[in-house]
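Spelled out, the chains give:
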Amino acid sequence: MGIWDIPGMKPGVITGEVAWALLEYAKKEKFAIPAFNCTSSSTVIAVLEAGKKINSPVMIQWSEGGSAFMAGKSMDNKNKQASILGAVAGAQFTRAVAAAYGIPVILHSDHCAKKLLPWFDGMLKADKEHFDLTGEPLFSSHMLDLSEEPDDENLAICAEYFAKMVPMNLILEMEIGITGGIEDGVDNSAVSNDKLYTTPETVYSVHEKLAPIGKMFTIAAAFGNVHGVYKPGNVKLRPELLHDYQKYAGEKTGKEMPLMLVFHGGSGSLPEEIESGVKAGVVKMNVDTDTQWAYWEGVLKFYKKYEGYLQGQIGNPDGEDKPNKDKYDPRKWVRESEVSMCDRVVLQCEMLKNKNTLA
Ligand SMILES: [Zn+2]
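Here goes a summary of the coordinates provided. In every chain, residue numbers begin from 1 and rise along the written sequence. Owing to the predicted nature of the model, reporting of local features is limited to residues with pLDDT of at least 70; listing and counting of side-chain atom pairs is limited to 80 or more, with chain, interface and lining totals taken over all residues. Excluded from the side-chain calculations are hydrogens and water; all other atoms, namely the structure's heavy atoms, are used.

On to the packing of helix 2 (residues 41-53) against helix 4 (residues 81-98). Think of each axis as a best-fit line through the C-alpha atoms, taken over the contacting stretch in the case of a helix, with angles from 0 to 180 degrees between the N-to-C directions. Helix and strand assignments come from DSSP, with helices taken as H or I runs of at least 4 residues and strands as E runs of at least 2, each series counted from the N terminus. Taken N-terminus to C-terminus, the directions of helix 2 and helix 4 make an angle of 40°; their axes are 10 Å apart at the nearest point. Compared by their axis directions, helix 2 and helix 4 come out oblique. By crossing handedness, the relation of helix 2 to helix 4 is classed as right-handed. The residues of helix 4 that touch helix 2, namely those facing S41, V44, I45 and L48, are F93, T94, V97 and A98. Note on residue classes: Ala, Val, Leu, Ile, Met, Phe, Trp, Tyr, Cys and Pro are nonpolar, Asp, Glu, Lys and Arg are charged, and everything else, Gly too, is polar. Among the residues forming the contact of helix 2 with helix 4, the class breakdown is six nonpolar, two polar and no charged. Angles below 35 degrees are treated as roughly parallel, those above 145 as roughly antiparallel, those between 65 and 115 as roughly perpendicular, and all remaining angles as oblique. Two helices cross in a left-handed way if the nearer one is turned anticlockwise from the farther one by less than a right angle. They cross in a right-handed way if the turn is clockwise. Two residues qualify as a contact provided that any one of their heavy atoms is within 4.5 Å of a heavy atom in the partner residue.

Shown next, in the form of structure tokens:
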């Protein structure tokens with residue numbers, strides 16, 4: 001049995017049981033699907049192009065800041081209206097083009113802290129409208145990240161939201177313990193080290209709280225992961241903890257590897273660390289920092305190659321009256337970013353063994 005044999009599987013955005021079955025399949029077959037943070041139609045295209053190239057499903061996700069960027073930086077965002085609008089616009093753009101790339105796509109929203117809940121509420125409203133119209137939500141899944149709050153409050157808020165999401169067949173990703181580093185304006189670089197490693201008991205408490213509400217939830221637990229790429233420091237990634245989570249939850253539930261785990265802050269991780277995570281039931285891995293660099297590097301290389309052609313509209317090394325339009329047209333240099341990001345997406349999929357998984 002392959003991915004296309006999953007009932008309801010199709011090219012384009014998938015949701016509900018179909019999306020969940022894909023994650024279950026990935027867990028069983030020991031690969032993970034990377035989720036790439038997107039901020040524009042251009043970055044979405046880079047991810048879709050890569051998915052098509054390696055004939056594998058991909059995930060596209062929007063952070064709160066990335067969503068606001070999608071709507072436009074000039075827009076007022078006091079009540080998260082730009083973030084809501086941008087997330088909806090990003091989701092609709094992805095839905096409009098994804099099927100044409102011939103691969104299944106999971107559409108997700110990234111970290112949502114307590115103060116960003118109005119953004120989450122806005123996306124759920126859009127999901128409901130889409131659900132009433134078509135029978136499926138706009139997004140496939142959303143992440144709640146209340147990890148800065150006490151564990152009890154984190155679980156209570158997750159349970160409350162999950163109960164609203166279940167009737168729309170939305171998947172919930174939640175975070176317990178803290179991913180270190182800095183991302184999307186959230187600075188966890190000063191968090192104490194014990195918060196950076198979640199215990200098996202705490203991870204199981206999430207399962208206990210959410211499983212009675214619905215089955216479609218994933219857990220981003222902290223095992224020393226850090227957002228961003230830094231020089232090797234004193235925070236050490238401990239993927240063996242993920243195995244401990246599964247073992248503990250397995251003993252409690254009587255099911256083998258019952259948890260669906262998500263790997264955050266994996267930029268700069270060693271291949272063996274990633275492999276160990278996937279073996280422990282990681283089905284999704286977030287990628288932002290490394291593709292940000294790749295997108296920039298595309299322009300950087302283009303600029304270095306054509307520097308003499310990019311100093312004015314007219315005049316270059318071939319002659320002082322020669323026009324440079326064919327170099328400064330955004331389609332030229334933005335495309336270089338897309339190609340560079342696409343290559344990085346392919347590499348990430350390969351690291352997670354998500355290559356030719358649609359074959
Ligand atoms: Zn994250």
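Moving on, we get to the sheet that holds strand 8 (residues 186-187). Two strands make a pair as long as DSSP finds a minimum of two bridges between them. Overall, mixed pairing links the three strands, which are arranged 8-7-10 in an open sheet. Edge positions in the sheet fall to strand 8 and strand 10 (226-227), since each has one partner strand and no second. With two bridges connecting them, strand 7 (residues 180-183) and strand 8 associate as antiparallel partners. Its bridge partner lying in strand 8, E183 is registered against V186.

We call a set of buried Ala, Val, Leu, Ile, Met, Phe, Trp, Tyr and Cys residues a nonpolar core when their side-chain atoms join them within 4.5 Å. For every residue, the accessible area (1.4 Å probe, protein chains only) is compared with the maximum for its type, and the residue is labelled buried under 20%, exposed over 50%, or partly exposed between those bounds. Ranked by internal contacts, the top residues of the largest apolar core, which has 94 residues, are L23, I60, F120, F139, L144, L210 and I219. Those residues in contact with L144 that lie beyond four places of it in its chain are C112, L117, F120, I157, C158, Y161, L172, E173, M174 and E175.

So, about the environment of Y245. Following the sequence through the fold, Y245 ends up in helix 8 (residues 240-253). We classify Y245 as buried; its relative accessible area is 1%. Along the primary structure Y245 and A280 are separated by 35 residues, whereas in three dimensions their C-alpha atoms are 8.7 Å apart. In contact with Y245, other than residues within four places in its own chain, are T198, T199, P200, V203, A221, A222, F223 and L259.

From the geometry alone we can't say anything about function, so treat these as descriptive.
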